[in-house]
There are 2 protein chains.
Amino acid sequence: MTENGILHPERVLTLDTMNPNVKRVEYAVRGPIVQRAAQIEKELKEGVKKPFTEVIRANIGDCHAMGQRPITFLRQVLALCTYPELLEDNKFPEDAKSRARRILQACGGGSIGSYSMSQGIELIRQDVARYIERRDGIPSNPDNIFLSAGASDGISTMLKILVSGEGSTRTGVMISIPQYPLYSAALADLGAVQINYYLDEANNWGMDVSELRRALAEAKKHCAPRALCVINPGNPTGQVQSRKCIEEVIRFAAEENLFLMADEVYQDNVYAEGCKFHSFKKVLFEMGPKYSEKVELASFHSTSKCYMGECGFRGGYMELINLDPSVKAQLIKMVSVRLCPPVAGQALLDIVMNPPQPEEPSYPTYKKERTAVLDDLAEKAKMTEEIFNKVPGISCNPVQGAMYAFPRIELPQKAIEAAKEKGQVPDMFYCMRLLEEKGICLVPGSGFGQREGTFHFRMTILPPTEKLKVVLEKVKEFHLDFTAQYS
Amino acid sequence: MTENGILHPERVLTLDTMNPNVKRVEYAVRGPIVQRAAQIEKELKEGVKKPFTEVIRANIGDCHAMGQRPITFLRQVLALCTYPELLEDNKFPEDAKSRARRILQACGGGSIGSYSMSQGIELIRQDVARYIERRDGIPSNPDNIFLSAGASDGISTMLKILVSGEGSTRTGVMISIPQYPLYSAALADLGAVQINYYLDEANNWGMDVSELRRALAEAKKHCAPRALCVINPGNPTGQVQSRKCIEEVIRFAAEENLFLMADEVYQDNVYAEGCKFHSFKKVLFEMGPKYSEKVELASFHSTSKCYMGECGFRGGYMELINLDPSVKAQLIKMVSVRLCPPVAGQALLDIVMNPPQPEEPSYPTYKKERTAVLDDLAEKAKMTEEIFNKVPGISCNPVQGAMYAFPRIELPQKAIEAAKEKGQVPDMFYCMRLLEEKGICLVPGSGFGQREGTFHFRMTILPPTEKLKVVLEKVKEFHLDFTAQYS
């Protein structure tokens, strides 16, 4: 092999010799379209003329990057933890200072630069447990809480510990289609079997137990199904599950002996009227001991979404219900190898779990900022659905929750053929064209999975309202032009 | 299976069904002895009488937890990045503010709460490259830099991508014995073959190419050796490699087609006279194109050690030399699944790479604080070696660098038998007794690996000087009592 004129006849690590599981991993949210977006941004900077002046990245739920402002109280406490000299500064409110002092006392040597316990700082796990108790009205044990570097870390960790066997006994894990591609990526990496169950687009991306049964029966022929993953509110699909649906899923998991994984990182992002977030934990316990003493459940939360949007800090936790104590010991050992989740992220999580109370000085600002973020998202969720549904050839389910629309697009046969000629899947072809012509970066539906013959894209609703309107208008324009060109 | 009186006849995830590779993982630095230390701390709090009043944790290189103070400049810049309102505060020096502004400008939406590129913020990778260039006098390309969550993250990532094959073609990775147990843990987790090469205790834990050859020849009979890991300065052994030795290792890797991994996280922690840190990268390039255009090298650094000791922030980077471009593309894809390393850790790394310069206002304080930490460590390194070597039955190589002593201990035959009766390895038995009797938490040598029939422990030199003296005296006392009891 030559490159730059240098011979590397004996390179050790090549595409042929590397870990084959890693090669199978795909992660569309940061895939080729996002790399092309970065190139275009560079070209714009270098003065290359384009039919637009900036790339709008609506591909990833990166709140602050899209202009969402951090919650003041969170950042005040973090700044105090980072530079405790500020505890003497009377510009900082007392409630922020008391939070910071409490966190620092729980850190080795009073510094967030110390390692924490691998499972996470005990005080913070206690605060997480109390938060869960307030949310669900069900007891929570800090020993069952593991802090993590964002939810992704917790999910990957649980999937890893779940996977075993070879051939027809290899662990299978049920994931929704469409799914958030962390799941398919982690399963590919682990060499586990991905079992697809389809959400029902015609029924607002609902989860249907008969479809779960179909997928499971099919899978049992060639692997050992062991876990069922659910994302609620949905990513990329934005649906919010009803209590009834969650009950049915729990019953199914109990009957079929499946370990339940509930990805609940959008639990505060619920917008549609009549919709409410129900945690799997709460529903499980309200179904009585027949279920609550049997079903194994891991639920995940994060500081990256909701009203905080603090993606960069990599804060998160998982709660484990009915986990075998000897497996828990193994899990503690396993996470200890990476020493600890980032402590600044742990501190941030603590403040989210233990926010200002009505009697505290920071409450009014906190409340105002939090409400503003969530109201704004609710408005944009509605606007997105409405504008998309006015475009012939685009149909969009209500964005009940989370941060994404996942509209279906009709593509003319000629466009599908043109894509095939370019060696691209049709929705990638569509999104690439949209990027080149309008400077809008979306993720093709194929990156999340979709029913054969249907096409979608995922778009975040995060751009500021005025910009989001422009984005939606541009997508509309593009879609009409594209359809006309290939009809 | 029953526990707490509840029947779990159908639990999905059990010790029998879980990932068998995870079961094989061991990580002594946070193993059973550390768990017992935590219990004892709880007992002390509850008023249980012990022959000591506090547990001294000398088991892990957790600098701030042992009283080391954070470097003011690092924390000032981080506080400014966290809460940019402070940029208006004239208590902060201008050089800290300009660093913070520069970092924030490189963040999406000007917030460290945004995701970064998965490889790390480009500006910070540029600063890393410039730091490496200043250190080595050799060009460095920011595209070859990957930021990571501490060095552990980078090391695990590279090992993962390196592993493939089954049975006799399964990837083997050469690691030193004694080693830092991240390596054995990651290899067990990946199901890779661990190839042990022994450091020469009689020669100050030197690395000897003839021993590398022996280990490699042996390993080739049952696996496919592909990589060679080196820790310099050494952990747990504290030696600093000579330039000549590094050259020999590079020559060996070139001849034998091994991917080199250089763990250089203690690069500023060099204390012994006549010792100097030489990076593998620098030596590789100074050996000329025959080597510098051929040998594949990953080198690792971290913000957790050196004079910073900022373990909790999980900052770090790796530089990749001669990596196959298509493998690099795979690596970028793989790290993108976890989205990004913690951004506060990235920011911290940036300041370490780009510290105050002599003409800047923060320089004098920065310089003073940095020197104080390193001088203090140098003094403690010397003191540790000297005191240990005065104890009959303990012999300790000079602590030339890093943060640990790894003395050899002679254990009486009766003690070895008493350990066997308890089902413990002898040095675990010894360390457990030390913990119970003196409240000092060390890690048994068996957790790092050692030659059959020899026994050691690892102790950090991090406690403050006066406390370290007490620790050393207590270990001495214990060792003499223990030896007497079993003689």
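No experiment lies behind these values; they were computed from the predicted model shown.

As a further point, take the domain arrangement of chain A. Residue and element names in this part refer to chain A. According to the domain assignment, chain A contains domain 1 (20-66 + 368-485) and domain 2 (102-353). Between the C-alpha centres of domain 1 and domain 2 there is a distance of 27 Å. The interface of domain 1 with domain 2 comprises 37 residues on the first partner and 40 residues on the second. Approximately 3000 Å² of surface area, both sides summed, lies buried where domain 1 meets domain 2, with 55% of it carried by carbon and sulfur atoms.

Our next topic: the sheet that holds strand E5 (residues 171-177) of chain A. All names here are of chain A. Across the sheet, seven strands lie side by side as E4-E10-E9-E8-E7-E5-E6; this open sheet has mixed pairing. The two strands at the open ends of the sheet, each matched to only one other strand, are strand E4 (145-148) and strand E6 (193-198). When the angles between neighbouring strand axes are averaged without regard to direction, this sheet yields 25 degrees. Along the sheet, helix H8 (residues 209-220) makes contact with E5, E6 and strand E7 (224-231), crossing E6 at roughly 155 degrees.

Once that is clear, we can look at the state of the cysteines. In the structure shown here, the tally under the stated rule is zero disulfides over all chains. For Cys107 of chain B, which is in no disulfide, the shortest distance to another cysteine sulfur is to Cys81 of chain B and amounts to 6.9 Å.

Another point: unusual backbone geometry. All names here are of chain A. The amide bond that connects Asn232 to the next residue, Pro233, takes the cis arrangement and shows omega of -10 degrees. If you trace the backbone, Pro233 turns up in the loop between E7 and helix H9 (243-256). Its identity is not glycine, yet Ala402 carries a phi of approximately 60 degrees, on the positive side. Mapped onto the elements of the fold, Ala402 is located in the loop between strand E11 (394-395) and strand E12 (404-405). Given the relative accessible area of 0%, Ala402 is considered buried.

Bringing the sheet that holds strand E6 (residues 193-198) of chain B into the picture now. Hydrogen bonds along the backbone pair up the strands of a sheet, which may run parallel or antiparallel. Residue and element names in this part refer to chain B. Strand order in the open sheet made by the seven strands is E4-E10-E9-E8-E7-E5-E6, with mixed pairing throughout. In this open sheet, the two strands that pair with only one neighbour each are strand E4 (145-148) and E6. Direction aside, the axes of adjacent strands within the sheet are offset by 25 degrees on average. Here six bridges tie strand E5 (residues 171-177) to E6, and the two strands are oriented parallel to one another. Counterpart to Ile177 in the pairing with E6 is Tyr198. In the packing of helix H12 (residues 325-336) onto the sheet, contacts are made with E4 and strand E10 (316-321), and the angle to E4 comes to roughly 20 degrees.

What follows is about the interface of chain B and chain A. With 98 residues of chain B in contact, the opposing surface of chain A contributes 98 residues. Taken together, both faces of the contact between chain B and chain A bury some 7900 Å²; the carbon and sulfur share is 56%. Where chain B meets chain A, there are eight salt bridges. One salt bridge connects Lys91 of chain B with Asp89 of chain A, and the closest N-O pair in it is separated by 2.7 Å. Among the residues forming the side of chain B that touches chain A, the class breakdown is 44 nonpolar, 27 polar and 27 charged.

Rules used throughout
- Residues numbered from 1 in each chain as written.
- Chains lettered and ligands numbered in written order.
- Predicted model: local features only at pLDDT ≥ 70, side-chain atom pairs only at ≥ 80, totals over all residues.
- Heavy atoms only, no water.
- Domains from an automatic or database assignment.
- Contact = heavy atoms within 4.5 Å.
- Buried area = accessible area lost by both parts, 1.4 Å probe.
- Pairing = 2+ DSSP bridges.
- Helix = DSSP H or I, 4+ residues; strand = E, 2+ residues; numbered from the N terminus.
- Axes fitted to C-alpha atoms, helices over the stretch in contact; angles between N-to-C directions.
- Disulfide = S-S within 2.5 Å.
- Buried < 20%, exposed > 50% of the residue type's maximum accessible area, 1.4 Å probe, protein only.
- Salt bridge = Lys/Arg side-chain N within 4 Å of Asp/Glu carboxyl O.
- Nonpolar A, V, L, I, M, F, W, Y, C, P; charged D, E, K, R; others polar.

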